[in-house]
Amino acid sequence: MENELIEEIILILDDKLEKAVSVLKEDFATIRAGRANPHILDKVTVDYYGAMTPVTQMANVSVQEGRCLVISPWDVSALKGIEKAIQISNIGLTPTNDGKVIRLVFPELTEERRRDLVKQIKKMGEDAKIAQRNVRRDAMDGLKKLKNDKTVSEDEFAAGEKEVEKLVADAVAKVDATVASKEKEIMTV
């Protein structure tokens, strides 16, 4: 691209498209697929001395025997708070507290639960695609404004439009690949 204004629009578009994919991957990390995954606790926060603190910043989280997460808080007085935060976090697991550590046992997923999770990830993927289409619309509006203001030529506008469509198509393909990968992970028994 010769025109710096078009390049700027393209760079912003690319950044926002990548952000949509990375947010989707972060959201997928919090979905449990039958195996113990410490990332399920990423969004769980505990009221610790008046500050909302993520569990991962106040305890050691480790996987034990593939199906069990062991949460060992550095401050044992925070054990009850962590247990309560997990219960109200709606992650679908019941913590067991033995006075020193908290254990989260991941049960086997039923076929029906797996299908529900697949529906959930497909919806998340569709939401990511909607976000990408909104970003594309904003980029196209920016290009049209440049064209209407006679800041860019018809040829530069067409080249910019083509580049926007290519970037969006690539980003949508990344979302589809991410959804397919997570679906395969969930449906694998």
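Everything discussed here concerns the structure shown above.
Position numbers for residues count from 1 along each chain, tracking the sequence in the order it is written. Where local features are concerned, this predicted model is filtered to residues with pLDDT of at least 70; where side-chain atom pairs are given and counted, the filter is 80 or more; whole-chain, interface and lining totals use all residues. As a rule here, side-chain values cover all heavy atoms of the structure and leave hydrogens and water aside.

Novice: Report on the nonpolar core, specifying residues and quantitative values.
Specialist: Ranked by internal contacts, the top residues of the largest apolar core, which has 21 residues, are Leu-41, Leu-69, Ile-71, Ile-82, Ile-86, Ile-91 and Leu-104. Listed by contribution, the elements that provide at least two residues to this core are strand 3 (59-64), strand 4 (68-73), helix 2 (79-88) and strand 6 (102-105). Put simply, DSSP H or I for four residues or longer makes a helix, DSSP E for two residues or longer makes a strand, and each gets a number counted from the N terminus. Top contributing element to this core by residue count: helix 2, with four residues. The criterion used for residue contact is that any of the two residues' heavy atoms lie within 4.5 Å. For Leu-69, the residues in contact, after removing those within four places along its chain, are Ala-36, Asn-37, Pro-38, Ile-40, Leu-41, Val-61, Ser-62, Val-63, Ile-102, Arg-103, Leu-104 and Phe-106. As used in this record, nonpolar core signifies buried Ala, Val, Leu, Ile, Met, Phe, Trp, Tyr and Cys residues forming a set joined through side-chain atoms within 4.5 Å. Only protein chains enter the calculation, and the probe is 1.4 Å; a residue is then buried if its accessible area is under 20% of its type maximum, exposed if over 50%, and partly exposed in between.

Novice: I'd like to hear about the sheet that holds strand 5 (residues 95-97), residue by residue, with values.
Specialist: In spatial order, the strands read 3-4-6-5; together these four strands make up an open sheet with antiparallel pairing. Edge positions in the sheet fall to strand 3 and strand 5, since each of these pairs with one other strand and no more. The average undirected angle you get between the axes of adjacent strands in this sheet is 25 degrees. Note that strand 4 and strand 6 share four bridges and pair antiparallel. Opposite Ile-71, over in strand 6, you have Ile-102 as the bridge partner. Relative to strand 5, helix 2 is tilted by about 165 degrees, and along the sheet it contacts strand 3, strand 4, strand 5 and strand 6. Here a strand pair is declared whenever DSSP counts at least two bridges between the two strands. To get an axis, fit a line to the C-alpha atoms, keeping to the stretch in contact for a helix; angles then go from 0 to 180 degrees between the N-to-C directions.

Novice: With reference to specific residues and values, describe helix 2.
Specialist: Buried within helix 2 we find Leu-79, Ile-82, Glu-83, Ala-85 and Ile-86. Take helix 2 and look down its axis: the buried residues cluster within an arc of 165 degrees, on one side only. Projecting away from the buried face of helix 2 at angles above 90 degrees are the exposed residues Lys-80, Lys-84 and Ile-88. For helix 2, the secondary structure elements touched by its buried residues are strand 1 (45-48), strand 3, strand 4, strand 5 and strand 6. Remark: Asn-90 follows helix 2 within two positions and exhibits a positive phi of approximately 65 degrees. When we speak of the arc, we mean the arc of directions from the helix axis to the C-beta atoms.

Novice: Hey, could you go over the environment of Lys-19 for me, with residue numbers and the actual values?
Specialist: Examined against the element boundaries, Lys-19 turns out to sit in helix 1 (residues 4-29). Here the alpha-carbon distance between Lys-19 and Ala-128, two residues 109 residues apart in the chain, equals 9.6 Å.

Novice: Describe helix 1, naming the residues involved and giving the relevant values.
Specialist: Helix span, as expected, comes to 1.5 Å for every residue beyond the first. Its 26 residues give helix 1 an end-to-end C-alpha distance of 37 Å, which sits within 8% of 38 Å, the value for a rise of 1.5 Å per residue. Taken residue by residue, helix 1 has Ile-6, Ile-9, Ile-10, Leu-13, Leu-17, Ala-20, Val-21, Leu-24 and Phe-28 as its buried positions. Residues of helix 1 that are buried make contact with helix 3 (111-148) and helix 4 (154-187).

Novice: Outline the side chain of Thr-178, supporting the account with residue identities and numerical values.
Specialist: Relative to the elements of secondary structure, Thr-178 occurs in helix 4. Among all residues touching Thr-178, those that are not within four sequence positions of it are Leu-24, Lys-25 and Phe-28.

By themselves these figures say nothing about function.
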